[in-house]
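# Results of the structural survey
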Amino acid sequence: MPTLIVTTHPDGDSLTRYLADRLAEVLTPDAVEVADLAAEGFDPRYLLSDRHTYRVGGDYTPDVAREQDRLDRATDLVLVFPVYWWSMPALLKGWFDRVFVNGWAFGVDADGGIVRKLDRLRIHVVPVAGDDAGVYDRHGYEQAMRTQIEHGIVDFCGARRGVTAYVHDSEGEDADARTRAVEAAVAAVVEAIRA
């Protein structure tokens with residue numbers, strides 16, 4: 001099963017990038033590709049050309065078509081990203097805005113209903129959070145992010161929900177606890193992909 005791991009962190013030595021690489025390592029020899037949107041220079045800005053694509057349901061720019069081709073080859077998509085302001089980074093949000101568009105991820109039928117087109121894809125989410133799980137639980141941050149990503153993107157496009165595995169307290173002092181959290185997230189995603 002081909003897996004596409006998409007990560008978005010400007011620091012190639014970050015825990016986020018380490019986690020993405022660790023996932024790829026454990027998934028090998030299965031087909032796996034890591035797309036580091038920051039290192040690749042993906043432009044997340046939604047421009048007039050993107051508005052045109054949305055309106056006509058096609059006519060994708062070359063960079064968007066490349067991303068869609070990568071996703072078309074995958075059965076599983078794993079999103080590995082740092083949590084910024086209780087959400088995904090702007091780079092990842094812009095990737096969704098530009099790539100998961102009308103005509104490819106979904107369509108609109110003659111009656112104005114949504115046609116969901118990504119039923120072939122299962123999406124796993126691995127947020128790397130600076131705070132501990134208690135903070136997320138007390139304030140409802142985890143549920144808010146799950147609603148935004150799982151319902152607002154995955155369900156809307158008809159993809160299948162995979163595992164959501166947080167790595168909490170990523171900036172804490174306890175390196176052993178951080179390693180255990182990373183390995184638990186990796187194990188959860190790998191188990192779901194190989195099930």
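The model shown is predicted, which means the values in this text are computed figures rather than measured ones. (Residues numbered from 1 in each chain as written. Predicted model: local features only at pLDDT ≥ 70, side-chain atom pairs only at ≥ 80, totals over all residues. Heavy atoms only, no water.)

### Observations concerning the nonpolar core
Of all hydrophobic cores here, the largest spans 34 residues; its most connected members are Leu 77, Leu 79, Trp 95 and Phe 100. Those elements that place two or more of their residues in this core are strand E1 (3-7), strand E3 (76-82), helix H5 (90-99), strand E6 (122-128) and helix H7 (141-155). Counting residues in each nonpolar core, the second largest holds 21 residues, with Leu 27, Val 167, Val 189 and Ala 192 among its members. (Core = buried A, V, L, I, M, F, W, Y, C linked by side-chain atoms within 4.5 Å. Buried < 20%, exposed > 50% of the residue type's maximum accessible area, 1.4 Å probe, protein only. Helix = DSSP H or I, 4+ residues; strand = E, 2+ residues; numbered from the N terminus.)

### As for the packing of helix H1 (residues 15-27) against helix H8 (residues 175-194)
In contact at an axis separation of 10 Å, H1 and H8 are set at 45° when each is read in the N-to-C sense. The pairing of H1 with H8 is recorded here as oblique in orientation. Read as a crossing pair, H1 and H8 show a hand that is right-handed. Every residue of H8 that contacts H1 at Leu 15, Tyr 18, Leu 19, Arg 22, Leu 23, Val 26 and Leu 27 is listed here: Arg 178, Val 182, Glu 183, Val 186, Val 189, Val 190, Ile 193 and Arg 194. (Axes fitted to C-alpha atoms, helices over the stretch in contact; angles between N-to-C directions. Parallel < 35°, antiparallel > 145°, perpendicular 65-115°, else oblique. Left-handed = near helix turned anticlockwise from the far one by under 90°. Contact = heavy atoms within 4.5 Å.)

### So, a negative patch on the surface
On the surface, a cluster of negative charge is contributed by Asp 131, Asp 132, Asp 169, Glu 171, Asp 174 and Asp 176. Of note, Asp 176 is situated in helix H8. For Asp 176, a relative accessible area of 54% gives the class exposed. (Patch = residues over 30% accessible without salt bridge, like charges linked within 9 Å, V, L, I, M, F, W, Y side chains within 5 Å. Areas by Shrake-Rupley, 256 points an atom, 1.4 Å probe, with all protein chains shown as cover. Salt bridge = Lys/Arg side-chain N within 4 Å of Asp/Glu carboxyl O. Lys, Arg positive; Asp, Glu negative; His and termini not counted. Charge placed at Lys NZ, Arg CZ, Asp CG, Glu CD.)

### A look at the pattern of salt bridges
This model, assessed by the stated rule, comprises 19 salt bridges. Of the charged contacts, one joins Arg 70 and Glu 33 as a salt bridge, the two residues approaching to 3.0 Å between their closest N and O atoms. Separated by 37 residues along the polypeptide, Arg 70 in helix H4 (residues 62-72) and Glu 33 in strand E2 (residues 32-36) bring together distant segments of the chain. The exposure class assigned to Glu 33 is partly exposed, which follows from its relative accessible area of 29%. Close ionic contact of Arg 146 with Glu 150 constitutes a salt bridge, the shortest N to O distance being 2.8 Å. A residue pair is termed a helical-turn pair when its members lie 3 or 4 positions apart in one helix, as Arg 146 and Glu 150 do in helix H7 at four residues. For Arg 146, a relative accessible area of 24% translates into the label partly exposed. Among the residues examined, Glu 150 registers a relative accessible area of 10% and is labelled buried. A single network of salt bridges, built from pairs that share partners, joins Glu 33, Glu 40, Glu 67, Arg 70 and Arg 73.

### As for the packing of aromatic side chains
Applying the stated criterion across every chain, the model contains nine aromatic pairs. Ring centres of Trp 86 and Tyr 136 lie 5.4 Å apart, and the angle between their planes is 70°; this geometry places the pair in the edge-to-face category. Of this pair, Trp 86 sits in the loop between E3 and H5 while Tyr 136 sits in helix H6 (residues 133-139), and the two are 50 residues apart along the sequence. On the numbers, 5.6 Å between centres and 75° between planes, the contact of Phe 100 with Trp 104 is edge-to-face. Residue classification places Phe 100 among the buried positions, given a relative accessible area of 7%. With a relative accessible area of 9%, Trp 104 lands in the buried category. Aromatic ring contacts, followed pair by pair, group Trp 86, Tyr 136, Tyr 141 and Tyr 166 into a single cluster. If you follow Arg 116 out to its NZ or CZ, it ends over the ring of Phe 156, 5.6 Å from the centre. (Phe/Tyr/Trp six-rings, centres within 6.5 Å; stacked < 30°, edge-to-face > 60°. Lys NZ or Arg CZ within 6 Å of the ring centre and 35° of its normal.)

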